[in-house]
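Observations on chain architecture
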Amino acid sequence: SSRPKTSAQPVDLDHRGPGMCGILALFDPTLPPTELHALCTQLTALLAPRGPDEVGCHVGRGFALGHARLSIMDPVGGQQPLLHAPTGNALVHNGEIYNYVQLRECAALEAAELGRPPPVYSTASDSESVLPLFELHGAGVAAMLDGMFALVVVRSDGSAFAARDPCGIKPLYRGWSASGRVLFASELKCLVGQVEHAEVFPAGHFWTSEGGYERYFAPQWLAPTLGPSTAALPTGGMENVRALLKKAVAKRLMSDVGYGLLLSGGLDSAIVCTLMAELTDMSKIKSFTVGMPNSPDIMAAREVARHFGTDHYEYLFSAEEAFAMLPKIVYHLETYEPELIRSSIPNYFLAKLAGAHTKVVLTGEGADELFGGYLYFRDCPGREEMQTETLRIWGHLHSVNLQRSDRMGMSHGLEARVPFLDTEVLTEAYAHVDPFHKLHGVRDASGEVRPEKWALRNLFEGAIPSEVLWRTKAMQCEGVGTDWVAILQAKCALMVSDEQFAAAAETFPLNTPQSKEELYYRSLFEQRFSGFDKFVHVWPGGCRSGGAAWQSAVYSRAGLADTSQLRHALMDEEGEQSTEALDASSEVQRRVPVFNPQGAEACDGPDAAMADGRVPSGEMEGEEGLSEVMQHVYRNLGEKAAQALGLAELLTTGGDSRIELSEGTNKYGMPPHPALHAVLRSACTSSPPTEQGFAHAADVLAQMQAPSGTLVAFGHEMEKVRARIAAALQLEAGTEVVLAASGVEAEYIPVAIAQQLFPGARVCSLVTAGGEVGTSTANASRAVAYDESAPFGRNPPSGTLLAGFKEVELFTVPARDAAGEQTDAAAAIMEEMGKLANAQSPGWAAWLARATGVGGNEAAWVVRQGGGSKTGVTTALPA
C-alpha cells in the first residue's frame, strides 16, 4: 500500500496484551520444596508481560527455576524449564541461539568420538541444544553460542551455571543475601524485597557457584576497555562490512512465527530493510514506525516503506498520551536515567503497534556505537579518541539502548533482533575498520565535508532513497518530533513543585536529579523500586556524551541543543503538527467548516492566516462569511484573531446530521450547522456556548502563543483539565483520565478501553437515563455505526459493528418509571445487583446474570450514567 496504516488507538482489540520470555532461578537452602515452588511462582508471575504463551516452574534440591515464555522457535514443543534426562540438569533460557542446528551436529559428533549414543532431544527449540554441550564442556558452552541469550543451568546437586551474551542483548540480574539466598531474574522487579544486594549480570560473562564471574568474550579488539593496552589501531577499509551485515540479517530471519521490521526512517533501519529486501519478499514484511504527525521519523520511514514495498504501519502519538504512560514505562524500563526514558516513551508505542502484528522484529540498534553515529562525535579530535569512545559506549549498550529495546518490546510480546551487534560485525568494525572512516567532518576528494557515518552510507549509495541515506542522525526521542523532548520536560516540570526540587539533594543524595524532569522520573522509580536506585546505570554527566574524552556543545543532559537540523526534505513545510499531516497519515476526511475572516470587514487580524502558518481551506456560508458572534469576537481580539481561528475550527467540528441540512432542523431540533448567531459544538444536544464563553476561550488560546500551532496549544490546555480532574477526584498516580468528545462519538471510547483491558471477556454496556439520552446512544454504546453522515473517511452503514470491535451486549435503565418519576439510576443498579447476588434474577437482572457469565465467562462492564440538566438525573454511582 502506498499509504501507511495509522494507529492512535489499540490496533487489535483481541490482542492478548503484553508479552515475551523471562527467566528466574531461585536458590535458597532454607526453604522447603513447597515454599520454593510458591515463591518461584509468585516471582515468575512478575515476568508474565514477557511471556504470555506459557509459564513453567521446576523445583529441585534447594532451588527452583521459573520461565515465562513467548514461543518463537518450536511454539508447540519448546516449553521450559527444560530437563536433560541423562544428567538431571535443568535449564531456563531467554533469547535466540542462531547456530543451534550446528550445535546439535557438534554434540552428535563429539558423542560419537567418545563412543556415546547421540543426544536425544525432546523438543525442536534452540534452547535445548545447550544441555548436551553443557554436559560435555561445562562453562565452556557459553563461548560456543552464537546469539542473544541469558540462561541458567542447574545440576541435580544444586550447583549452578549462568551466562549472558557478549553484548547483553538479553537482560539478566543477580541478587543475593547474607542468608544464602541467590536469585537470578530477567528483570530487576523480581529482586525487590527478596534480596539485600543486586547487580546487573555483566555481558560476555558466565558465572558458576564455584568460581563466580569469568569473562568468556574477550577478543583482542576489546583489550583497551579491559586495562592498559598497547594494541595498534586497525587500518582496514569498509569493503567487508556490507557482506557481513547481510549475513547477520539472514541469520536473524530465523523464526517459526514470522517477523517484521522497526523502521525509524534513519540510516540504520533503512540498511536492515535494504538487506532484508535482498533475502526475502518485502511485500510480506510488516514495517512499523512511531512519531508525531509530520515528524522526521514518520516522513522518512514512509519513503523507505514506499521504496521497498513493505506493509507499513504507523503509530501517531500525542504528547498527552505519552506523558500519561510515564508511570507504566518507568515500571517496565526499571530506570530513572533521563536520556533513556525520553527515547523509551515512543519506543513503548512502537512496540505496542508491532506487537499487535508479529512476535519478532529486526532493528538497526548498535550501528551508532560501532560507526560513531551520534552527533557529539563531530567534535572527536582523532582516530584514537574515536576508537576509545565507540568502544566505551558499546560497553554501556546493555544498560541503555538494549535495555530500552528489550523492556519496551517485551512489555508487548515483541522480540527485537539486532544484526549490527552480530559478533562478526563487531569484529569487523572494531578490529579491521580504521577509525578514520568513522570521523565526522572529513573532506572528500571534492572538498565537501562528510557527515556522520559517511563511509557506511557510501556502501548503500543507490540502494536507499537519497533523502534517507544522507539524513542527519536523530536519536529516537528527537526523530519522533523535534519539539517532543521540550514538551515532555515542560510537562514533567508541572508535576514537581519548587519546594520538592529544592529538597532533591536531601531526598536523593545518590545521583541527585538536576532538573524537575529528572526528579519526576526519579519519584516514579522510587514508587516501585525503593532502595534499588544504587543498582541503576546512569551516564556520567547525565548524558551519553558526558563521559567522552572531549567537550561537545551538541548534547547536554537536557538533550540535543539544536533540533532544527533534523528537519529534512520529506517533511511538510507547514510543521510537524500541521493538520495536513494529520489528514494524510490518518486517512480521515475531516469535513470541517473553516471560518474565513476575509468576509469580516471589522476583523483586524491577519487575512486568513493561522497561527502556525496554515491557510484555512474552506469558506463558511452565511452573511459575509461570518456570524455576528464571530465578527464581534474578532473585532475584540485584534491581533489575537488569527490564533483564535483555530479554536473556532475545533469548536465547529460537526458530527451528526446537521452537516447535511440546508434548512429546517435535525432530529434534536437543531438548525443547520453552523448557525448564524451561535458557534456549535458536536454533541447530541448541540448546545451552543455563549458569546462570552467563546470569546474567553479564544482569548486564553491566543495568549498561549504556541509556536507549534493551535492544536498543540489546545492539547496542553486539555492536559491541565485532566490534572484538575485527577486532583479533584483524588485519583492515584498513574490513573488514566480520558476526555472524550461530547456526544455519541464518545460512547465508542469506553468500549474500546474495556476490550483492550479485558481482551478475553464479553463486554456488557449499560446505559442509564434510557428514553432521554440521544436517540443514537443505544447503537453507539455497543460500538455500532449510528449515523451514515458522521465525518469519517469510510462511513459504514448505520447499525454495522465497527471494525476492530467485538459484539457488545447492551441493557438500558429507563430514565423514568411507569408513573413518570425520575429513576435513581445508581440505586436501581445497586438494587438489581443485590438481587443478582441473592440469585433473585427477575427482569433485566436475569439478563445480567447471563452476561456476567455464571458458569465461568468473565464480563467487563461499561456503565454510562446520564446526568445533568438534560435528563434531570443527578445521582452518581458510589466510588
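Here is what the cut-offs are and how they apply
Residues numbered from 1 in each chain as written. Predicted model: local features only at pLDDT ≥ 70, side-chain atom pairs only at ≥ 80, totals over all residues. Heavy atoms only, no water. Helix = DSSP H or I, 4+ residues; strand = E, 2+ residues; numbered from the N terminus. Buried < 20%, exposed > 50% of the residue type's maximum accessible area, 1.4 Å probe, protein only. Contact = heavy atoms within 4.5 Å. Areas by Shrake-Rupley, 256 points an atom, 1.4 Å probe, with all protein chains shown as cover. Pairing = 2+ DSSP bridges. Axes fitted to C-alpha atoms, helices over the stretch in contact; angles between N-to-C directions. Phe/Tyr/Trp six-rings, centres within 6.5 Å; stacked < 30°, edge-to-face > 60°. Lys NZ or Arg CZ within 6 Å of the ring centre and 35° of its normal. Parallel < 35°, antiparallel > 145°, perpendicular 65-115°, else oblique. Nonpolar A, V, L, I, M, F, W, Y, C, P; charged D, E, K, R; others polar. Salt bridge = Lys/Arg side-chain N within 4 Å of Asp/Glu carboxyl O. Core = buried A, V, L, I, M, F, W, Y, C linked by side-chain atoms within 4.5 Å. pLDDT = per-residue confidence, 0-100. Expected span 1.5 Å × (residues − 1). Patch = residues over 30% accessible without salt bridge, like charges linked within 9 Å, V, L, I, M, F, W, Y side chains within 5 Å. Arc of directions from axis to C-beta. Left-handed = near helix turned anticlockwise from the far one by under 90°.

1. Remarks on the overall build of the protein
- Along the protein, the regular secondary structure elements total 30 helices and 23 strands.
- Split into buried and exposed, the 879 residues of the protein put 54% on the buried side.
- Residue pairs at least 24 apart in sequence account for 71% of intrachain contacts in the protein once pairs closer than 6 positions are excluded.
- Accessible area for the protein stands at about 35,400 Å²; split by element, carbon and sulfur atoms hold 53% of it.

2. With respect to the sheet that holds strand β22 (residues 808–814)
- Reading across the sheet, the 3 strands line up as β22-β21-β23 and stay open at both edges, with parallel pairing between neighbours. Looking at which strands have only one partner, the edges of the open sheet turn out to be β22 and β23 (859–864). Adjacent strand axes in the sheet meet at a mean angle of 20 degrees when their direction is disregarded.
- Pairing between strand β21 (residues 762–770) and β22: 6 bridges, direction parallel. Of the residues in β22, the one forming a bridge with V767 is T812.

3. Section: the packing of aromatic side chains
- In the structure shown here, the tally under the stated rule is 26 aromatic pairs.
- An aromatic cluster is present here, built from F27, F63, F184, F201, W207 and Y213 joined pairwise through their rings.
- Of note, R104 hangs over the ring of Y121, and the distance from its end group to the ring centre comes to 3.9 Å.
- We note R450 situated over the ring of W454; from NZ or CZ to the ring centre the distance is 4.0 Å.

4. Some details on the packing of helix α5 (residues 241–251) against helix α6 (residues 267–277)
- Where α5 contacts α6, the axes come no closer than 9 Å and their chain directions differ by 75 degrees. With respect to α6, the element α5 is oriented roughly perpendicular. On α6, the residues that touch R242, L245, K246 and V249 of α5 are I271, V272, T274, L275 and M276.
- For the contact of α5 with α6, a count of residues per class yields 6 nonpolar, 1 polar and 2 charged.

5. Observations regarding unusual backbone geometry
- Residue E334 is not a glycine yet carries a positive backbone phi of 65 degrees.
- The residue E334 is located in the loop between α9 (326–333) and α10 (338–355) in this model.
- Accessibility expressed as a relative area gives 2% for E334, which makes it buried.
- Of note, A783 is a non-glycine position whose phi angle comes to about 60 degrees, a positive value.
- Inspection of the secondary structure puts A783 in the loop between α28 (777–780) and β22.

6. Regarding the sheet that holds strand β7 (residues 147–154)
- Within the open sheet, the 6 strands sit side by side as β5-β6-β7-β8-β12-β13. Their pairing is antiparallel. Each edge of the open sheet is held by one strand with a lone partner, namely β5 (82–84) and β13 (212–215). Within this sheet the neighbouring strands show an average axis-to-axis angle of 20 degrees, counted without direction.
- The pairing of strand β12 (residues 205–208) with β13 spans 4 bridges and is classified as antiparallel. If you follow W207 over to β13, its bridge partner there is Y213.

7. So, the pattern of salt bridges
- Inspection of the entire model under this criterion finds 34 salt bridges.
- R50 is the salt-bridge partner of E187, the closest N and O atoms lying 2.8 Å from each other. Of this pair, E187 sits in the loop between β10 (182–185) and β11 (197–200) while R50 sits in the loop between α1 (33–45) and β3 (54–60), and the two are 137 residues apart along the sequence. No difference in accessibility class separates E187 from R50, as the two residues are buried.
- D406 is the partner of K170 in a salt bridge, and the nearest nitrogen-oxygen pair spans 4.0 Å.

8. Considering the nonpolar core
- Judged by nonpolar contacts, the single largest core of 160 residues is most densely connected at L326, W394, L421, L456 and W484.
- Once you skip the residues sitting within four places of it in the chain, W394 turns out to touch P166, C167, F217, W221, L222, E369, L370, L421, L426 and Y430.
- Formed by 17 residues, the second largest nonpolar core is a distinct cluster that contains F27, A150, V154 and L172.

9. Concerning the confidence of the model for the protein
- A residue-level look at the protein finds 71% of positions with pLDDT of 70 or above and a mean pLDDT of 77.
- For the stretch residues 577–630, pLDDT sits under 50, and the model shows 122 contacts to residues farther than four places along the chain or on other chains.
- Overall, residues 673–689 carries pLDDT values under 50, and its contacts beyond four positions in sequence, including any with other chains, amount to 54 contacts.

10. Observations regarding the pairing of strand β9 (residues 173–176)
- Here β9 pairs with β10 via 4 bridges, running antiparallel. Bridge pairing links R174 to F184 in β10.
- Hairpin geometry of β9 and β10 is characterised by an intervening segment of 5 residues between the two adjacent antiparallel strands and by a positive phi of about 105 degrees at G180.
- As paired strands, β9 and β11 are joined by 4 bridges and run antiparallel to one another. Along β11, the bridge assignment pairs W176 with H197.

11. Structural notes on helix α12 (residues 383–396)
- For α12, which comprises 14 residues, the first-to-last C-alpha distance of 20 Å matches the rise-based estimate of 20 Å (1.5 Å per residue) to within 8%.
- For α12, the set of buried residues is M386, Q387, E389, T390, L391, R392, I393 and W394.
- Lining the buried residues of α12 we find α4 (223–226), α11 (367–371) and α14 (423–432).

12. What about a nonpolar patch on the surface?
- A contiguous nonpolar surface patch, about 310 Å² in accessible area, is contributed by I725, L729, L731 and L739.
- Inspection of the secondary structure puts L731 in the loop between α26 (710–728) and α27 (748–757).

13. Concerning α27
- All buried positions along α27 are accounted for by Y748, V751, A752, A754 and Q755. On an axial view of α27, the arc spanned by its buried residues comes to 165 degrees, and they lie on one face.
- Along its buried surface, α27 packs onto β21, α28, β22 and β23.

14. Focus: the packing of α9 against helix α13 (residues 401–410)
- The geometry of α9 relative to α13 is characterised by a closest axis approach of 9 Å and an angle of 115 degrees between their N-to-C directions. Between α9 and α13, the angle is such that the two are roughly perpendicular. As for the relative orientation of α9 and α13, their crossing is right-handed in sense. Of the residues in α13, those touching α9 at I329, H332 and L333 are Q403, R404, R407 and M408.

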